[in-house]
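# Topology and contacts: notes
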Amino acid sequence: MSSAVSSLQRAAEAGHRPLATRDAAWVRYTLTAIALGFLALFLLLPLVAVFGEAFRRGVGAYFAALSDPDGMHALKLTLLTAAIAVPANLVFGIAAAWCIAKFNFPGKSLLITLIDLPFAVSPVISGLIFVLLFGAQGWLGHYLDAENPALPWLQAWIIEQDFKIIFAVPGIVLATVFVTFPFIARELIPLMQTQGNDEEYAAITLGASGWQTFWRVTLPNIKWGLFYGVILCNARAMGEFGAVSVVSGHIRGVTNTLPLHVEILYNEYQFVGAFAAASILALLALVTLVLKTLVEWAHARRHA
Amino acid sequence: MSIIARNITKTFGAYTALNDVSLDVPAGKLVALLGPSGSGKTTLLRIIAGLEFADAQSGRIDFHGTDVTDFPAGKRGVGFVFQHYALFRHMTVAQNIAFGLTVQPRRLRQTKEAIAARVQELLKLIQLPELGNRYPSQLSGGQRQRVALARALAVQPKVLLLDEPFGALDAQVRKDLRRWLRHFQREIGVTTIFVTHDQEEALELADEVVVMNNAKIEQVGTPQEVYDRPASPFVIEFLGNVNRFAGLGHRLPGAGQDVLYVRPHDVDILREYHGKHAIRVQVQHVFSAGNYGRIALVRADTGDTIDAELSRVRLAELNLVAGDEAFVVFRHIRLFPAGAFSERDVATDDTSPAVVDAGRDI
């Protein structure tokens with residue numbers, strides 16, 4: 001009897017017994033094959049192609065293309081843009097999520113809609129909005145460039161500093177901040193809403209000030225979600241093309257980011273250079289994905 | 001530290017959570033705010049804590065003669081235990097308990113060693129001396145509850161406020177913890193208010209029970225007072241099972257449309273017709289498992305159901321089975337005039353209940 005039971009158990013462990021939750025073998029293998037085939041075709045193959053094209057003329061050509069001064073400048077500008085946009089959105093995102101998750105106020109749903117706006121609007125349109133606002137003929141640019149400016153001292157200062165927004169770095173940063181705004185806020189809002197306010201209330205009844213409550217209770221509770229949001233925001237900040245393309249003006253060595261640089265090289269039939277630059281972007285994306293996986297793994301381990 | 005709340009009104013939009021409520025809590029007492037959900041008990045507790053504020057121009061809160069109406073929660077010196085404990089999930093038990101001590105302004109803050117010693121002392125007090133390094137997620141419900149209590153007590157509050165302290169615990173833990181809290185509160189003597197919707201808990205634990213309904217206080221009294229002399233139909237219906245009759249008028253002169261209440265344990269069952277107050281009934285069900293026997297009866301004349309509770313000895317004597325005919329007499333009846341039932345009315349003088357002893361000739 002006992003041997004019969006144990007053999008049944010072994011059969012079950014080995015997967016020989018038909019289970020209610022298990023489909024036939026051919027179904028399982030077909031579905032798995034379809035999923036893997038799709039992944040290979042649409043994700044893996046392009047990635048391989050990028051590196052394949054980049055190294056087509058050999059390693060020497062690859063590094064020569066990378067050391068091109070315009071390319072180096074584009075990389076630096078991309079990193080600079082991300083280095084400004086991500087911290088800015090970190091602050092804005094936490095502030096917006098805090099307001100929305102912890103308080104009730106009139107216009108809250110309008111604010112949520114506004115946060116989603118950059119996702120809903122085409123990035124090219126986002127770029128155009130900034131040209132419209134800050135360009136020489138734009139609403140705000142017009143005030144600064146006009147014969148009779150509203151704020152003469154500001155106009156004088158801006159001319160003196162030769163400060164430009166559109167077709168310059170500030171415009172690229174602004175457009176990137178705009179496009180990547182929702183990532184952190186969207187990540188934090190549902191998290192903070194599920195956590196509720198009780199821990200904050202508890203901290204306050206124990207005599208903690210607002211800052212102490214934020215640094216010691218709120219922030220530690222959202223740190224994993226926040227980190228995840230930062231990673232996604234960073235990935236988009238480095239990869240953004242449409243909005244940046246409109247405001248940048250494609251001035252080589254001045255206002256070209258990596259994605260724009262890739263496009264220019266490609267249009268000039270410099271395939272090795274284009275794919276070498278693309279491979280850098282792909283590497284940045286891979287690093288981001290590895291970081292994201294590490295975050296998820298660490299998070300899961302803590303909550304196991 | 002006595003607590004006085006005067007004329008507190010609180011509205012959320014069109015909804016009135018508290019309607020001109022006043023409450024006195026004498027120093028050192030353990031007081032229960034008892035009521036169904038939506039009665040305003042939690043809102044009152046949060047207003048006393050300073051987590052909510054009463055409507056502008058309404059009311060006043062005094063702690064030991066000091067007006068604290070406009071004090072924020074952190075300045076009131078209250079310890080608050082939340083319904084789901086609200087322990088800081090990223091801190092250990094010891095860090096949780098120490099929190100209130102470590103956020104004090106630098107000039108008032110104790111040394112690290114003094115704080116650690118105080119935490120150890122509190123861990124011993126809540127009988128969890130070994131668990132200082134655990135995280136809240138590694139504790140059982142009852143342990144979390146006690147940690148939340150220790151955290152609230154660490155800053156030596158003048159007032160302890162507990163929101164549904166046993167609501168999330170299973171029956172056995174709840175019972176043990178109730179007894180422990182009762183003992184504990186007596187020992188440290190801190191004025192304590194707790195919110196509950198469980199009448200048994202309120203009656204067993206509190207020095208004084210505040211029964212709330214519909215944004216108002218229905219009755220304040222010792223557990224015995226509110227149970228034996230309920231001030232309104234709501235109170236008698238909320239505090240335990242009760243039989244409610246609109247009939248019996250023909251037997252009680254002048255009773256008219258009044259409503260009569262009889263507790264199941266005040267119902268006695270007889271096999272034989274015995275005196276003119278006995279009512280003919282038919283036995284519907286007999287439940288004999290438990291500390292006492294419960295019998296469901298149907299009145300022969302009106303068809304009303306009557307629930308009775310008898311000791312198991314008495315039940316065995318009667319040897320009732322479903323379908324039997326029997327007679328019941330009521331040892332104790334409470335009567336409320338029909339007027340006492342208007343929806344939001346608290347019982348006033350002219351609706352004060354009459355006590356009718358069924359044994360006496362009426």
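Here we summarise the structure given alongside this text.

What follows covers the packing of helix H4 (residues 69-102) of chain A against helix H9 (residues 169-195) of chain A. All names here are of chain A. Following both chains from N to C, one finds H4 and H9 inclined at 35°, their axes separated by 6 Å at the closest point. When you trace H4 past H9, the crossing you get is right-handed. Class assignment of the residues belonging to the contact of H4 with H9 gives a composition of 24 nonpolar, 6 polar and 1 charged.

The side chains of a regular strand alternate between both faces of the sheet. Residue and element names in this part refer to chain B. Burial along strand E12 (residues 259-262) is two-sided: the face carrying Val-259 and Tyr-261 and the face carrying Leu-260 and Val-262 are both buried. As defined by bridge partners, strand E11 (residues 243-245) adjoins E12 across 3 bridges and the pair is classed as antiparallel. Following the sheet pairing, Arg-244 is matched in E12 by Tyr-261. In terms of strand pairing, E12 meets strand E18 (residues 333-336) through 3 bridges, oriented antiparallel. Residue pairing in the sheet places Val-259 in a bridge with Phe-336 of E18.

Before going further, it helps to spend a moment on the sheet that holds strand E4 (residues 60-63) of chain B. All names here are of chain B. Taking strand neighbours across the sheet as the criterion, the 4 strands line up as E2-E1-E4-E5 in an open arrangement whose pairing is antiparallel. Two strands lie at the open edges of the sheet, namely strand E2 (15-25) and strand E5 (66-67), each paired on one side alone. Alignment of strand E1 (residues 3-12) against E2, held across 7 bridges, turns out to be antiparallel. When the sheet's bridge partners are listed, Ile-8 is paired in E2 with Val-21. Packed on one face of the sheet, helix H1 (residues 41-49) meets E1, E2 and E4 and runs near 60° to E2.

With 17 residues of chain A at the contact, the number on the chain B side is 20 residues. Each partner contributes to the roughly 1,800 Å² buried at the junction of chain A and chain B, and carbon and sulfur atoms together form 59% of this total. Counting the surface chain A buries against chain B, the share from its top three residues, A:Thr205, A:Leu206 and A:Arg216, is 38%. Scanning the region where chain A abuts chain B turns up 1 salt bridge. Across the chain A-chain B interface, the total number found is 5 residue pairs in polar contact (both at pLDDT 80 or more). Counting residues per element, the ones that place at least two in the side of chain A that touches chain B are helix H10 (198-205) and helix H11 (210-239) of chain A. When residues in the side of chain A that touches chain B are grouped by element, the largest group, 7 residues, is from H10(A).

So, about the pattern of salt bridges. Residue and element names in this part refer to chain B. The full count for this structure, using the stated rule, is 25 salt bridges over all chains. The partner of Arg-178 in a salt bridge is Glu-201, and the shortest N-O contact between them spans 3.9 Å. Taken as a pair, Arg-178 in helix H5 (residues 171-188) and Glu-201 in helix H6 (residues 199-205) lie far apart in primary sequence, 23 residues in all. For Arg-178, a relative accessible area of 4% translates into the label buried. The closest approach of N and O atoms between Arg-280 and Glu-325, which form a salt bridge, is 3.1 Å. Placement of Arg-280 in strand E14 (residues 279-287) and of Glu-325 in strand E17 (residues 325-330) is noted, with a sequence separation of 45 residues between them. Residues joined in a network through salt bridges with shared partners are Arg-174, Arg-178, Asp-198, Glu-201 and Glu-204.

Residues and elements named next belong to chain A. On the surface, Leu-36, Phe-38, Leu-39, Leu-41, Phe-42, Leu-43 and Leu-45 cluster together into a nonpolar patch covering about 750 Å² of accessible area. Tracing the backbone shows Leu-43 in helix H2 (residues 25-54). The exposure class assigned to Leu-43 is exposed, which follows from its relative accessible area of 56%.

As a further point, take the side chain of B:Asp62. All names here are of chain B. Residue position: Asp-62 is located in strand E4. What makes Asp-62 buried here is its relative accessible area of 11%. Of the polar contacts made by the side chain of Asp-62, one reaches the side chain of Arg-60; its length is 3.0 Å. Leave out the neighbours within four places in its chain, and Asp-62 touches Ser-2, Ile-3, Ile-4 and Asp-67.

Once that is clear, we can look at the packing of aromatic side chains. Applying the stated criterion to the full structure yields 20 aromatic pairs over all chains. Note on A:Trp211 and A:Phe214: the rings are 6.2 Å apart at their centroids and 75° apart in plane angle, and the pair reads as edge-to-face. Remark: A:Phe214 and A:Trp211 occur in helix H11; sequence separation between them is 3 residues, near one turn of the helix. An angle of 50° between the planes, with centres 4.6 Å apart, marks the rings of B:Phe88 and B:Phe99 as tilted. Here B:Phe99 lies in helix H2 (residues 93-102) and B:Phe88 lies in the loop between strand E6 (78-81) and H2, a separation of 11 residues in the sequence. There is no split in this pair, since B:Phe88 and B:Phe99 are both buried. Grouping aromatic residues by their ring pairs yields a cluster made of A:Trp98, A:Phe103, A:Trp211, A:Phe214 and A:Trp215.

Reading the values: the criteria
Residues numbered from 1 in each chain as written. Chains lettered and ligands numbered in written order. Predicted model: local features only at pLDDT ≥ 70, side-chain atom pairs only at ≥ 80, totals over all residues. Heavy atoms only, no water. Axes fitted to C-alpha atoms, helices over the stretch in contact; angles between N-to-C directions. Helix = DSSP H or I, 4+ residues; strand = E, 2+ residues; numbered from the N terminus. Left-handed = near helix turned anticlockwise from the far one by under 90°. Nonpolar A, V, L, I, M, F, W, Y, C, P; charged D, E, K, R; others polar. Buried < 20%, exposed > 50% of the residue type's maximum accessible area, 1.4 Å probe, protein only. Pairing = 2+ DSSP bridges. Contact = heavy atoms within 4.5 Å. Buried area = accessible area lost by both parts, 1.4 Å probe. Salt bridge = Lys/Arg side-chain N within 4 Å of Asp/Glu carboxyl O. Polar contact = N/O pair within 3.5 Å; in protein donor to acceptor, adjacent residues only side chain to side chain. Patch = residues over 30% accessible without salt bridge, like charges linked within 9 Å, V, L, I, M, F, W, Y side chains within 5 Å. Areas by Shrake-Rupley, 256 points an atom, 1.4 Å probe, with all protein chains shown as cover. Phe/Tyr/Trp six-rings, centres within 6.5 Å; stacked < 30°, edge-to-face > 60°.

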